[in-house]
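# Residue-level structural notes
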Amino acid sequence: MLLTLILAPLAGAALLAAWRGAGDRAAGRLAAWWSLIPIVLVALLGFRGANAQGLMADWSLDWIPDAGITLSFAVDGTSWLFLLLTALVTAFVLAVSIQKGLTSRSYAALILVMETMLLGVFTARHFIPFFLGWEMTLIPAYLLIRLWGGPNAPRAARRFFIVTLGGGVCMLLGFLALQIGVNTMDFGQLTEMASKGELAAGLATTFAGTGLTGPTLLLTVAVAVLLGLAVKIPIVPFHAWLPDAYAEAPTPVTMLLTGLLSKMGVYGLLRVFLPVFPEVYATLAPWLAALAVATVLLGAVAALAQKDLKRILAYSSVNHLGYCVLAAAAVVASQGDRESASSAISGAFLQAFNHGIIASAMFFGIAILESRSGGLRGLDDFGGLRARVPVLCGLMGLAIFASLGLPGLSGFIGEFLVFNGTFGLLPWAAAVSVLGLLFTAIFLLRLIRKVFHGPLGQLGSNWADLSASERWLFAPVIALIVIPGLWPQVLLQFLNADTLRLLDFLKP
């Protein structure tokens, strides 16, 4: 079932490419319906549950046996959560694309290709398939921004491609060093060796001619891998590609970028980086904590300075994903406090999942504003819309309040768990990062005041409220915001056991 799940979107893309007689709208509808297949398969995996090893499914193939390279994939509770996010956001993006007239066959096929690559990243258990999926997402993302984006899309797409490709090269160099030093890039084997302190020793033996010690070599490798992840998350100051890419991409593609591509970096940080590099935590802890605080605060401050709605939410994404980095920094500094570390890392996983849903909902609201206004999306272009389109303002406002972290909505749970764990591990970083919550409240409430309240401007005086199809598109997303906020265990049940296993690298 796992291989079928990973390849199903790619098969849909191939079908679209072969279906030459189909019109664009028919192709878009086929892609949207096809995107339901991964949702069903992911749901079946969830209902089937995990075995004694904590796995819901696994599949592997010896690809290059002489180099110890296998195409190895597996699904446990945490990776299942990211598979669910990928399937849901992709289906949502394709449905919104049809609503907004983006229905060409090539456009839909590129989104399905990207979905297969994402599913591969979130299930890979060896660096080579992980890296192949990681880098191959760049091609459809670049084309989607470049071909269907705004007037400055070529520059934004080029910058996105070069910067993120550079990050990927850094990560590749780091893992190639591990392959040469310890003869494996299998995540499980690397984690086991790291727990025994064997990675630094292996690197020291292999690269003895460099004159560097094992810990120094391992720290260099860890920094290279962290750079690759930092670009994708993105961590300040490696975020420069993000605002232009989010602003110039067509809004459904922006939903894809913020909902899924940034989550690759978070997943890699929590599931790959943390277990493989515990030997250098003592050196990395203060630096990672400083980067986390900078990402939280500077992302929020930058959002305060923006007037373009898409740029506001772009920097808001930087701010919110900074909490995931804060959790990782707390785990690095945990010194064996498994209880606080478990809270922080569970919160980071939930924050990533919930942010993907909430951000997609907010950008959908902006897409509706753009379509009603003829492309306008400035903070000062609107006003008083609540009097004319109350349903749109109410649903979009609910997503905004979830992003703000209002109790009872999904955004609150992840942030609470992150701070609950971080205050016990890195109290100074947690205390400073709380200011990010204040700045977030300021720029999001300003958005609500400027767009929804005040006198009704001429621009929105003749607008119609949400159509039936738009309401049906909003409904499942709002449900995914409300239900986990009221009943977080619906998601936490998939994380609890896996989080404890993931934290086995912590020394008591």
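Our subject is the structure listed above.
Residues numbered from 1 in each chain as written. Predicted model: local features only at pLDDT ≥ 70, side-chain atom pairs only at ≥ 80, totals over all residues. Heavy atoms only, no water.

### Here we look at the overall build of the chain
The line we're drawing: Runs of H or I in DSSP of at least four residues are treated as helices and runs of E of at least two as strands, each being numbered from the N terminus. Here the globule rule reads 2.2 Å times residues to the power 0.38, and the radius of gyration is calculated from C-alpha atoms. Each residue is placed in one exposure class: buried if its accessible area under a 1.4 Å probe, protein chains only, is under 20% of its type's maximum, exposed if it is over 50%, and partly exposed if it falls in between. Throughout, a contact is declared for two residues whenever any of their heavy atoms are within 4.5 Å. Charged-residue counts in this description rest on Lys and Arg as positive and Asp and Glu as negative, His and the chain ends being excluded. By convention, the point assigned to a charge is CZ for Arg, NZ for Lys, CD for Glu and CG for Asp.
Counting its secondary structure elements, the chain contains 23 helices and two strands. Taken against the 2.2 N^0.38 rule, which gives 23 Å for 508 residues, the C-alpha radius of gyration of the chain at 22 Å falls within 12% of a compact globule. Principal-axis analysis of the C-alpha atoms gives the chain an extent of 75 × 55 × 45 Å. Taken across its 508 residues, the chain has 61% of its residues classed as buried. Within the chain, contacts between residues separated by at least 24 positions form 80% of all contacts whose residues are at least 6 apart in sequence. The positive charge centre, built from 29 side chains, and the negative charge centre, built from 24, are 12 Å apart in the chain.

### So, helix α7 (residues 138–148)
Each α-helix turn comprises 3.6 residues. Residues three or four places apart therefore point the same way. Residues Leu138, Pro140, Ala141, Leu144 and Ile145 constitute the buried set of α7. Check the buried side of α7 and you find it contacts α5 (105–121), α6 (127–136), α8 (153–182), α11 (214–232), α12 (241–248) and α13 (251–276).

### A few points about a nonpolar patch on the surface
Rules: Patches in this entry comprise residues that are over 30% relatively accessible and not in a salt bridge; like charges within 9 Å are linked, as are nonpolar side chains (Val, Leu, Ile, Met, Phe, Trp, Tyr) within 5 Å. Reported accessibility uses the Shrake-Rupley method at a 1.4 Å probe radius. Residues are deemed covered only where the shown protein chains occlude them. The salt bridge criterion pairs a side-chain nitrogen of Lys or Arg with a carboxyl oxygen of Asp or Glu, the two atoms within 4 Å.
Taken together, the side chains of Trp428, Val432, Leu435, Leu438 and Ile442 make up a nonpolar region of the molecular surface, amounting to roughly 440 Å² of accessible area. With respect to the secondary-structure elements, Leu435 resides in helix α20 (residues 427–452). Given a relative accessible area of 42%, Leu435 falls into the partly exposed group.

### Focus: empty space enclosed by the protein
To be explicit about the condition: Grid points spaced at 1 Å over the protein atoms alone were grouped into cavities, where a 1.4 Å probe fits but cannot get out, and pockets, open sets with protein on both sides within 12 Å along at least five of seven lines, with lining residues defined by an atom within 4 Å of a point. Grid points are joined across faces, edges and corners, and a volume is the space filled by probe spheres set on the points.
A full pass over the atoms with the stated rule returns one cavity of 30 Å³ or more. As a volume, the largest cavity reaches approximately 70 Å³. Lining the largest cavity are His320, Gln351, Asn354, His355, Ile358, Ala359, Met362, Ala402, Ser403, Gly411 and Glu415. When residues of the lining of the largest cavity are traced back to their parent elements, those giving at least two are α16 (338–373), α18 (390–404) and α19 (410–425). Element by element, the count of residues in the lining of the largest cavity is highest for α16, at six residues.

### Remarks on the nonpolar core
Cut-off, in case you're wondering: Among buried residues, those of type Ala, Val, Leu, Ile, Met, Phe, Trp, Tyr and Cys that are joined through side-chain atoms within 4.5 Å constitute a nonpolar core.
In terms of nonpolar packing, the biggest core is built from 188 residues, with Phe175, Phe273 and Phe277 touching the most fellow members. Setting aside residues up to four positions removed in sequence, Phe175 forms contacts with Phe127, Met185, Phe187, Leu190, Val225 and Val272.

### Comments concerning the pattern of salt bridges
Should the charged atoms of two oppositely charged side chains come close, the side chains can pair. The full count for this structure, using the stated rule, is 11 salt bridges. Of the charged contacts, one joins Lys100 and Glu470 as a salt bridge, the two residues approaching to 3.4 Å between their closest N and O atoms. A residue pair is termed long-range when its members are at least 10 positions apart, and Lys100 in the loop between α4 (77–99) and α5 and Glu470 in helix α21 (residues 468–486) qualify at 370 residues. Between Glu192 and Lys196 there is a salt bridge, with its nearest N and O atoms 3.4 Å apart. Residue Glu192 is classed as partly exposed on the basis of its relative accessible area, which comes to 46%. Through salt bridges with shared partners, a single ionic network connects Arg155, Arg159, Asp244 and Arg311.

### Re the packing of aromatic side chains
For the record, the criterion: Only the six-membered ring of Trp is used, alongside the rings of Phe and Tyr, when aromatic pairs are assigned; centres must lie within 6.5 Å, and planes under 30 degrees apart are stacked while those over 60 apart are edge-to-face, with the rest tilted.
A full pass over the atoms with the stated rule returns 24 aromatic pairs. Here the aromatic rings of Phe364 and Phe474 are separated by 4.8 Å at their centres, their planes lie at 50 degrees, and the arrangement is tilted. Taken together, the residues span a long stretch of sequence, with Phe364 in helix α16 and Phe474 in helix α21 at a distance of 110 residues.

### So, the side chain of Asn319
The condition is simple: Pairs of N or O atoms are called polar contacts if they sit within 3.5 Å, as long as, within protein, a hydrogen donor faces a hydrogen acceptor (for residues adjacent in sequence, only side-chain-to-side-chain pairs).
With respect to the helices, strands and loops of the structure, Asn319 is situated in helix α15 (residues 309–332). Among the polar contacts made by the side chain of Asn319, one reaches the side chain of Thr440 at a distance of 3.0 Å. Here Asn319 is in contact with Thr295, Val296, Gly299, Ala300, Gly436 and Thr440, once residues within four sequence places are set aside.

### Side note on unusual backbone geometry
The omega torsion across Ile233 and Pro234 is 0 degrees, close enough to zero to call that bond cis. The peptide bond linking Val236 to Pro237 adopts the cis configuration, its omega dihedral lying at 10 degrees. Tracing the backbone shows Pro237 in the loop between α11 and α12. Despite not being glycine, Asn183 has its phi angle at roughly 65 degrees, a positive value. For Asn183, the location among the structural elements is in the loop between α8 and α9 (187–195). For Asn183, a relative accessible area of 58% translates into the label exposed.

### A short note on the pairing of strand β1 (residues 57–64)
Put simply, the test is: Pairing between strands is defined by DSSP: at least two bridges between them are needed.
Examined bridge by bridge, β1 and strand β2 (residues 69–75) share seven bridges and lie antiparallel to one another. Its bridge partner being in β2, Asp58 is matched across the sheet by Ala74. Where β1 folds back onto β2 in an antiparallel hairpin, the turn is made up of four residues, including Gly68, whose phi is positive at roughly 70 degrees.

### Some remarks on the environment of Leu321
Along the chain, Leu321 turns up in helix α15. Residue class for Leu321 comes out buried when judged on its relative accessible area of 1%. Spatially, the C-alpha atoms of Leu321 and Phe161 are 21 Å apart, while their sequence positions differ by 160 residues. Residues in contact with Leu321, not counting those within four places in the same chain, are Ile233, Ser262, Lys263, Val266 and His355.

### What to know about the side chain of Ser35
With respect to the helices and strands, the residue Ser35 is situated in the loop between α2 (24–34) and α3 (36–48). Within polar-contact distance, the side chain of Ser35 engages the backbone oxygen of Ala32 at 2.5 Å. Ser35 has contacts with Ala91 and Leu94, leaving out every residue within four places of it along the chain.

### A look at the pairing of β2
With seven of its seven residues buried, β2 lies for the most part within the structure. Both faces of β2 are covered, namely the face carrying Ile69, Leu71, Phe73 and Val75 and the face carrying Thr70, Ser72 and Ala74.

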